[in-house]
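Given next are the chains, with one letter for each unit.
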Amino acid sequence: MTAFARPTLPEEQWWNELLPLLSQKGAVAYEGTLPSNIPVTAVTGAAVLLPASTDVATLVEVPTDAGLYVVTLVRGSTEESWLAERIRPAAQ
Amino acid sequence: MSDEKKGGLGVALAIGAPLLVVGILLGIILFVISPASACGAGTGTRVNLEAMPTEPVAGYQGDQLMNAAYIMNAAIDLGLDRDAQVLGVMTAMGESSLINIDYGDWETNGVRNPDGTPTTSIGLFQQQDSWGTPQERMDPTTAATLFYNHLILVDGWATMEPTLAIHKVQRNADPYHYESYGTAAEQIVTALSGAVGTCATGELVYPLADGFNMTSDYGPRDISVAGASSWHAATDLQHWPNNCNDPVYAIQEGRVTFTGSFQVTIKHPDGYDISYLHMWPEDVIVNVGDEVTAGQPIGATGNSGPSGGCHLDLRINVAGNTNPLLETLVLSQAEGAPSLYWNFVNPEAFYALYGMELCGGAGSCSRPSIDGTELPIR
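Predicted model, so just to flag it, every value in this text is computed and none were measured.

S.K.: Sorry, what's going on with the interface of chain A and chain B here?
M.R.: Quite often, the size of an interface is put as the accessible area lost when its parts meet. Of the residues lining the interface, 27 residues belong to chain A; the matching set on chain B comes to 24 residues. Summed over both partners, the interface of chain A with chain B buries about 2,100 Å², with 51% contributed by carbon and sulfur atoms. For chain A, the biggest contributors to the area lost against chain B are Lys25, Asn37 and Arg86 of chain A; these three give 22% of the whole. Put simply, chain A and chain B have 3 salt bridges between them. Its salt-bridge partner being Arg171 of chain B, residue Glu11 of chain A comes within 2.4 Å of it at the nearest N-O pair. Run the count over chain A and chain B and you get 12 residue pairs in polar contact (both at pLDDT 80 or more). Secondary structure elements with two or more residues in the side of chain A that touches chain B: α2 (24–30), β2 (57–64) and β4 (83–89) of chain A. For the side of chain A that touches chain B, the element with the highest residue contribution is α2 of chain A, accounting for 5 residues. Looking at the side of chain A that touches chain B residue by residue, the class counts come to 13 nonpolar, 7 polar and 7 charged.

S.K.: What's the story with the packing of helix α6 (residues 140–151) of chain B against helix α7 (residues 162–170) of chain B in this structure? I'm lost.
M.R.: Residues and elements named next belong to chain B. Axis separation between α6 and α7 bottoms out at 9 Å; the angle between their running directions is 105 degrees. Here α6 lies roughly perpendicular to α7, going by the angle between them. Within the contact between the two elements, α6 uses Phe147, His150 and Leu151 and α7 uses Ala165, Val169 and Gln170. Split into classes, the residues belonging to the contact of α6 with α7 amount to 4 nonpolar, 2 polar and no charged.

S.K.: What's the story with the nonpolar core in this structure? I'm lost.
M.R.: In a soluble, globular protein the nonpolar side chains are often hidden away together inside. Residue and element names in this part refer to chain B. Ranked by internal contacts, the top residues of the largest apolar core, which has 40 residues, are Ile71, Val89, Leu98, Tyr148 and Ile188. For this core, the secondary-structure elements that each account for two or more residues are α2 (63–77), α3 (82–96), α6, α7 and α8 (182–192). Apart from residues lying up to four places away in sequence, Ile188 is in contact with Val57, Tyr60, Leu65, Ala68, Val89, Met93 and Leu98. With 34 residues, the next largest nonpolar core counts Phe212, Val264, Met356 and Cys359 among its residues.

S.K.: Whenever I open this one, the state of the cysteines confuses me. Can you help?
M.R.: Covalent bonding between the sulfur atoms of two cysteines is what defines a disulfide. All names here are of chain B. In total, this model carries 1 disulfide over all chains according to the counting rule given. One disulfide bridge connects Cys244 with Cys310, the sulfur atoms lying 2.0 Å from each other. Negative torsions about the S-S bond denote left-handed disulfides, and the value of about 90 degrees found for Cys244 with Cys310 makes this one right-handed. Taken as a pair, Cys244 in the loop between β4 (235–238) and β5 (247–249) and Cys310 in the loop between β10 (297–300) and β11 (312–317) lie far apart in primary sequence, 66 residues in all.

Each value, and the rule that gives it
Residues numbered from 1 in each chain as written. Chains lettered and ligands numbered in written order. Predicted model: local features only at pLDDT ≥ 70, side-chain atom pairs only at ≥ 80, totals over all residues. Heavy atoms only, no water. Contact = heavy atoms within 4.5 Å. Buried area = accessible area lost by both parts, 1.4 Å probe. Salt bridge = Lys/Arg side-chain N within 4 Å of Asp/Glu carboxyl O. Polar contact = N/O pair within 3.5 Å; in protein donor to acceptor, adjacent residues only side chain to side chain. Helix = DSSP H or I, 4+ residues; strand = E, 2+ residues; numbered from the N terminus. Nonpolar A, V, L, I, M, F, W, Y, C, P; charged D, E, K, R; others polar. Axes fitted to C-alpha atoms, helices over the stretch in contact; angles between N-to-C directions. Parallel < 35°, antiparallel > 145°, perpendicular 65-115°, else oblique. Core = buried A, V, L, I, M, F, W, Y, C linked by side-chain atoms within 4.5 Å. Buried < 20%, exposed > 50% of the residue type's maximum accessible area, 1.4 Å probe, protein only. Disulfide = S-S within 2.5 Å.

In structure tokens, the structure reads:
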């Protein structure tokens, strides 16, 4: 989330630093994003793990200066680290 | 009676193997031709601007529908198909609610460019000044043409998830922003295209709110949940991972003929049955004998019965059908289903009769996977 919330970074640097944190699908989705269009600049509190998680997919709620965000995390197996697939404003 | 049943099963088993082979062949043929034969899909239709609907469509009306028509016709002028028409309408919904606004993110949210200058986005597609003159960006046809000229340069745009293809052009913060407009865009494109010869009539809607996923296909499958069927006469849908207690809507009108255990069945006036499975009985809000309309809430997703997690199992049985159009659908027995699951049809093919895509098209449903593995809940 912190790596995502940097709208003032040059496009290339923003992407290079975010990419290792994204799942394959996340990378396909977020490629081409203009960081300057991102309304978030800071995480403002502790993240909360939402219910309905499995070993390979989970949702994390993150408070930001642009409101609540929900990050979808996935991993191929319990041996692997979590990667972000979706980084979206929480549904109103 | 029990002998008869046994006999029936025996016959089914004896002819099961050749049927399966034929079923697979038919399945392949069906799969290959279905996109082209789907009603309303494929080549787009030019909108007759003199014959616009006077009633709202999917909550959009008047100038909004006219703007959708300009977008659809811009696609046709570029030689693009119906999917492209839907993409364009989805984009303008997500950017401007199909209203040709002469202001944008700077005026509403103070959004600035990286160099600190105010953004200059205007029009149906909220295009900045690098896209064209203000006159060009405020002209619906030209703005749509500018959009499509960028879209067709995106590698694989026609096979990507629609919202992602749009994102490659619009470059917003949220690649999934356009996802929730798929259903409405489909409905508008269908409505403005006029009556299509072989289309079914009558209202059909999706059983869950926009943005749902399909987690198990119709047909044969491997299954680990005890009691769940190895030949799946249904389509499993859910909003992963918020898959529980999610409102379920009747997809068509009809009379409720069964509620109990983990199933609600609604009989259409044309005699076929649509069933909704796995809702907890206490969440079901219709009763036997009730007349329901398309889109009426009937309950909420649950995990009742043989189920590995909250989802909606949607199945359509055409045993009592009197509608000739539905007779064009391939029956489950022709695809190798055991006799317990005869007379079902693929819900995706059913939606295609109405010019709608249940899953995998420009509509609201996607097949999620994690590195190629289907999500675990069935």
